[in-house]
Structures are given as C-alpha cells and as structure tokens.
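Listed below are the residues making up each chain.
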Amino acid sequence: MAIWGRLAKSEVTIVAFGQIVQQILTLCTGIIIARSIGSDGYGLVNLQKALFTAALLVAPLGLDLALLRYCGQHPMDAPQTLATITSLRVISLIVNTGMLAFFVLFLGDFLEQSVFRHSEFAYLFIITMIALPMAADLAILGACYRVLERPGMYALMTIYLQSIVRVILVVIVIYFVPTVAAVVYINTIQIVLSAGVVAVHYRRLAASVRRTDGGDAQVPARRPWMSAQAWTNARKILGDSVFMAMNLFVYGVMRFLDILMLGSMAAARDVGEYGAVSTISQLIQVYPLAMSQTLGPRIARLYHAGDIVGLRDALNRYIQLATLVASFIFAGIAAFGTRLDLLFGASFSFHADVAFLVPLGYLLSATLAPTGYALSMTGRHRSELVILVVGAACLIGLGLLLIPSHGQLGAAIAVAVSFGLVNIIRFMFVARYFKFRPGRLLDLVPPVLGLAIAFGARELVALAMERSLVSTIVGCVIYAAVYGTIVWLCLLPPGMRAALAASVMRRGAGQPMDPPD
C-alpha cells in the first residue's frame, strides 16, 4: 500500500513516464517491424492505424470530453453519478456494436475497391476494427479516472500494460510470422486486454463507493443505471456530447488526415516513409499530453467558480512548460530526421522539408491545442467546432491541391498551415471571451533556440565524423546537453528550478521525489 500511496502523489510523473516508455517502445518495435515488412508493409500498417484512430474519435460519442465537464461539476463519488456513467457506457456499447457490424459487412470492401487499392486491405480493416467497442469504453472510463485525478492508475492499466504486451507480441510475430496481418493483430490484442483490466478495476471502484456511501434513495439497489434519473442525466450529457464528439472528430482527423489522403493519392512506400516521421514526431506530445490529463476538469472547475485569473494562469503555465519540453524534441527531429534511414532501414528515404514540417504540426498541436479547453470546457464548444471545421477544410483543400504534385511535402505543408490557422483563431476567440491572450512572447524562444542548437550540433559532428548511427547519437547528445543547460539557467521558471533541485535533494536523501507543479 505504501508503494501505491507514493504513486498517487505523482500522477503526472506516472503518466509522463508511461507515455515516454510507450513512445520509445512503440518507436523501437516500429523500427523492428519496418525493417521486417519493408516500407510498403509499414505504410499499410499506418493506414489501418489512422483509420482506427478516426473511428475511435467518434466511437465514445464525445463522452470522453463531456464527462470531464459533467463530473467536474458533480461529485464523482455519488452513486447517481456512477449510475449515469454506466448508462452512458451501455449506450456507447450498443452504438459501437452497430458501427462495427457496418464496417465489417460493407465499409471494408468499399474502401479496398474505391479508395485504398491495396491487397488484403479489407481483411486488415476488419482485424483493426474488432477492438472498436472496447476502445470506446476505455476512452469513457479514462475520463472518469482523470476526473478522480487518478490518471496514473489508468496509465498503469493501459499505457504500461499495452507496452509490455506489444513488446512480447512483436518479438513472437517477427520471429515466427513477420506479416502485415500479424502486426495488425497486435494492436487489437493490446486494446482488448487493457479494456478488460480497466473494466474490472472500475467496477470494483464503483462498488466500493456505493458501499461506503451507504446508498442513494433515488438510485435502486439493483441495476441503478436503469433508473429514470440516470437515463435523464445521460440524455442531457449526450446533448452536449454530440457537439464535443464533432469537435474531437474534426480535430483528431486533422492529426492523421494527411496520412489517409497520402494513402489514397500516393504509393504505400510514401505512406510508410511519411508514417515513420510521424511516429517519431509523436514523441513531441508525450509530456504535454501528460500535463493536460487534468487540465480540462480544472478549467471547468475554475470557470464554474468564476476564477478567470486562475483559468488564465492554468493555461499559461501549461503552455510555458509544454513548450520547453516539446520544442526540444521538435528541433531534434527537424535537424536529424534525414538520418532516420539509419534506424528504419535502406528501403526508407527521408527528406529535410518533411522532417521539419511534420514535427512542426505536432509541436503546434501539443503546445497550443489544450487552449481549446478554454472553449469546450466553458460551454463554448460550438465556437470550438466552427474553428476546427475551418481548420479541417483548410487541411483538405491544401491536401487535394498539393499532395498530387508534391507528395509527402504537400501533406506536411497542409498539416502545418492548418494547425497554425486553428490556433490563431482560437487565440482570437479566447482573447475576446476572457479578455486575455494565452501564453507569452517568451514562449516563442524555445523552438527557435532548439533549432539553432540542433542544426549547429549536426553540422559540428558532420565535420568530424562520417554519416552513421554513432555520429548521429553523438550529435543528439551534444544538442541535448547544450539545450538543457540553457533552459535550466535561463528559461526555466525560478520556482520550477527550485522545486526540481529540492526534489533531487530529497531523492538523494532516500525520500520519495514528487514532481513539481
């Protein structure tokens, strides 16, 4: 119990470390898979991943976002709240089971014949989508754990468990059946296992709440989720969640629509190379995503309490810290991305412009996207939807215009421009509604500084060493050392620097090290 007590004090650290481990293991296993099945096969895997992610944005019906707002204003430990959540989970299961049947019976063959004309695409699509109902339930329960401020526990049952399972299955698959279908099966198995574990844990958690609370006169002792009040609450939540689902879908699609459009207008090899850069670039989101786990509920509570100053400070602090970390990874990929063939194999070829623009899109998303919480968590989700639709239209228009003639570069340009446009409009709306602008001018320094140091380190190493994996690692180490030193001395907030130093001192004294706020 002492171990779990320490874990509860460092939720952000647990999630951040888990996401780092997951991204590293996904990268390592992805490299192994890419070298085994080649750029064409890797392109097919990335297409299936993008389609599943698109479906998953709709599958939770927006409840993974709507519940953050609802539970931020209602006691999560109340039996009536738990009953309402169960009613919503039942609705989600019914809807997603029907959606899965449609995918299996009709959509897979249509996509293979009319859009993605690749051999066995429909079969791979069915394997991928089997896990959709369970993935939707995972997303809904994930919102509950975030409201309870226990994202660390949720991460242990999802991020950590799936990473372990993935490594084991990849080793087995590559050794015995190195095929595209076997790789796709891995992703499905991961989700099924996590969904089972989380469902069991949440059921025990809900049962313990009912026992300690002593019951609720408005909730029947048996099947409380079938009560009239629970279904009334569920209908109200779904009324808002429809718009939130559209928000999540539109913005989520913007993150991988480039891959889908590229897959429909270019060869599988191009998708594989572009997907490899995208996979590496996902590291940019690790720390920002961990920081934002409780940001949505916090903004909902602050706005509900009328604390606009607190809302502004929460957003500014997020942007400041997220930019420091995300800019480091962005600049590293931009500078050393053309050497990724040293990892993925000789069948891959990477271009400097794509290696810069793809991570730039992820940087804009990771550092500025959570400002959308200032709209979606304060009842302005319709405004957020309009902004996202404009961005998606820009992405589609630029993609259709540029991808046929410029391929990967056209897709990368479309993404970077679209994300930039979305966040500029968001800033304008937030400034109009709340009378403040998120972030500071100083937050523009880290990405520019990172690029200067990273390219300088690359050129310095190129003067002394031949192009190889070893010289690339040396260049990355030099870059990390210089960037880290400058951030520590000049850019890190004094309070954060003092908190980190104190944590290190406690660690050295044998005490648990808590992450700074």
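None of these values were measured; they are calculated from a predicted model.

Visitor: Which parts of the structure should I look at to understand the overall build of the chain?
Guide: Within the chain, the regular secondary structure consists of 21 helices and 0 strands. The buried share of the chain, taken over its 517 residues, is 55%. By sequence separation, contacts in the chain at least 24 residues apart represent 83% of the contacts at least 6 residues apart. A total accessible area of about 22400 Å² is found for the chain, and carbon and sulfur atoms account for 68% of it.

Visitor: For this particular structure, what's the right way to read the environment of V165?
Guide: Tracing the sequence through the fold places V165 in helix α7 (residues 151-176). V165 gets classed as buried once you look at its relative accessible area, which sits at 12%. Separated by 22 residues in sequence, V165 and N187 place their C-alpha atoms 9.5 Å apart. For V165, the residues in contact, after removing those within four places along its chain, are I189, Q190 and L193.

Visitor: Any chance you could explain helix α6 (residues 132-147) here in plain terms?
Guide: Spanning 16 residues, α6 covers 23 Å between terminal C-alpha atoms, matching the ideal 22 Å at 1.5 Å per step. Judged by how many residues are buried, α6 sits mostly within the fold: 14 of 16 residues are covered.

Visitor: So what exactly am I meant to see when it comes to the side chain of T128 here?
Guide: Mapped onto the secondary structure, T128 falls in helix α5 (residues 121-129). Separated by 3.5 Å, the side chains of T128 and Q48 make a polar contact. Ignoring any residue separated from it by four or fewer positions in sequence, one finds T128 in contact with Q48, F52, V184 and T188.

Visitor: What is the right way to read the packing of aromatic side chains from this model?
Guide: Using the criterion set out here, one finds 17 aromatic pairs in the structure. Ring geometry for F102 versus F106: centroids 6.0 Å apart, planes at 40°, classification tilted. Highlighted residues: F102 and F106, both in helix α4 (residues 79-114), separated by 4 residues, approximately one helical turn. Using a relative accessible area of 43% as the deciding quantity, one classes F102 as partly exposed. For F106, a relative accessible area of 54% puts it in the exposed group. Note on Y175 and F176: the rings are 4.8 Å apart at their centroids and 80° apart in plane angle, and the pair reads as edge-to-face.

Visitor: Got a minute to help me understand the environment of S281 in this structure?
Guide: Secondary-structure assignment places S281 in helix α10 (residues 268-281). Put simply, S281 and Q23 are 258 residues apart on the chain and 9.8 Å apart in space, counted from C-alpha to C-alpha. Not counting residues up to four positions away in its chain, the partners in contact with S281 are I333, V358, P359 and Y362.

Visitor: When you look at the nonpolar core in this model, what are you seeing that I'm missing?
Guide: Soluble, globular proteins show a tendency: their nonpolar side chains are buried together. Of all hydrophobic cores here, the largest spans 150 residues; its most connected members are L67, Y274 and F344. I14, V15, A155 and I159 belong to the second largest nonpolar core, which has 5 residues in total.

Visitor: In this structure, what is going on with the pattern of salt bridges? I would like to understand it.
Guide: Opposite charge on two side chains makes pairing possible when the charged atoms of those side chains draw close. Applying the stated criterion across every chain, the model contains 6 salt bridges. Across the pair R89 and D137 runs a salt bridge whose closest N-O atoms are separated by 2.8 Å. Taken together, the residues R89 in helix α4 and D137 in helix α6 connect sequence positions 48 residues apart. In terms of burial, R89 and D137 fall into one category: buried.

Visitor: Sorry if this is basic, but what is going on with the side chain of D443 here?
Guide: Along the chain, D443 turns up in the loop between α18 (408-434) and α19 (445-464). Of note is the side chain of D443, whose polar atom sits 2.8 Å from the backbone nitrogen of R440. Discounting residues that sit within four places of it in the chain, D443 has contacts with I319, Q320 and T323.

Visitor: Please clarify how the packing of α19 against helix α20 (residues 469-491) should be interpreted in this entry.
Guide: The axes of two packed helices give the description: the angle between them and the distance between them. One way to put it is that α19 packs onto α20 with a least axis distance of 9 Å and a crossing angle of 145°. For the pair α19 and α20, the crossing hand works out as right-handed. Here V445, P446, L449, G450, I453, A454, A457 and V461 of α19 lie close against α20, whose contacting residues are S471, V474, G475, I478, Y479, V482, Y483, I486 and L491. Here the contact of α19 with α20 is built from residues that sort into 14 nonpolar, 3 polar and no charged.

Visitor: Is there a simple way to explain the packing of α10 against helix α15 (residues 352-368) in this structure?
Guide: Where α10 meets α15, the axes come as close as 9 Å, and the angle between the chain directions of the two elements is 45°. Taken together, the axis directions place α10 and α15 in an arrangement best described as oblique. Relative to α15, the crossing made by α10 is right-handed. Between α10 and α15, the contacting residues are Y274, V277, S278 and S281 on the first element and V354, A355, V358, P359 and Y362 on the second. Of the residues in the contact of α10 with α15, the class split is 7 nonpolar, 2 polar and no charged.

Visitor: What exactly am I supposed to notice about the environment of A300 here?
Guide: With respect to the element layout, A300 can be found in helix α12 (residues 295-304). The class of A300 is buried, set by a relative accessible area of 1%. For the pair formed by A300 and T378, sequence separation is 78 residues and the distance between their alpha carbons is 6.2 Å.

Visitor: Quick question: what am I supposed to make of α15 here?
Guide: Between its first and last C-alpha, α15 extends 24 Å over 17 residues, near the 24 Å set by a 1.5 Å rise per residue. Of all the 17 residues making up α15, 13 are buried; the element is thus mostly covered by neighbouring parts of the structure.

Visitor: Looking at this model, I keep getting lost on a nonpolar patch on the surface. Mind explaining?
Guide: Taken together, I164, I168, I172, Y175, F176 and V177 make up a surface patch of nonpolar side chains, about 660 Å² in accessible area. Here I168 is to be found in helix α7. Given a relative accessible area of 48%, I168 falls into the partly exposed group.

Visitor: In this structure, what is going on with the confidence of the model for the chain? I would like to understand it.
Guide: Atom-level detail of predicted coordinates should not be read off regions where pLDDT is low. With 82% of its residues at a pLDDT of at least 70, the chain reaches an overall mean of 79. Taken as a whole, residues 1-9 scores under 50 in pLDDT and shows 7 contacts with residues more than four places along the chain or in a different chain. Every residue in residues 503-517 scores below 50 in pLDDT, and together they form 17 contacts with partners more than four places removed in sequence or on other chains.

About the thresholds
Residues numbered from 1 in each chain as written. Predicted model: local features only at pLDDT ≥ 70, side-chain atom pairs only at ≥ 80, totals over all residues. Heavy atoms only, no water. Helix = DSSP H or I, 4+ residues; strand = E, 2+ residues; numbered from the N terminus. Buried < 20%, exposed > 50% of the residue type's maximum accessible area, 1.4 Å probe, protein only. Contact = heavy atoms within 4.5 Å. Areas by Shrake-Rupley, 256 points an atom, 1.4 Å probe, with all protein chains shown as cover. Expected span 1.5 Å × (residues − 1). Polar contact = N/O pair within 3.5 Å; in protein donor to acceptor, adjacent residues only side chain to side chain. Phe/Tyr/Trp six-rings, centres within 6.5 Å; stacked < 30°, edge-to-face > 60°. Core = buried A, V, L, I, M, F, W, Y, C linked by side-chain atoms within 4.5 Å. Salt bridge = Lys/Arg side-chain N within 4 Å of Asp/Glu carboxyl O. Axes fitted to C-alpha atoms, helices over the stretch in contact; angles between N-to-C directions. Left-handed = near helix turned anticlockwise from the far one by under 90°. Nonpolar A, V, L, I, M, F, W, Y, C, P; charged D, E, K, R; others polar. Parallel < 35°, antiparallel > 145°, perpendicular 65-115°, else oblique. Patch = residues over 30% accessible without salt bridge, like charges linked within 9 Å, V, L, I, M, F, W, Y side chains within 5 Å. pLDDT = per-residue confidence, 0-100.

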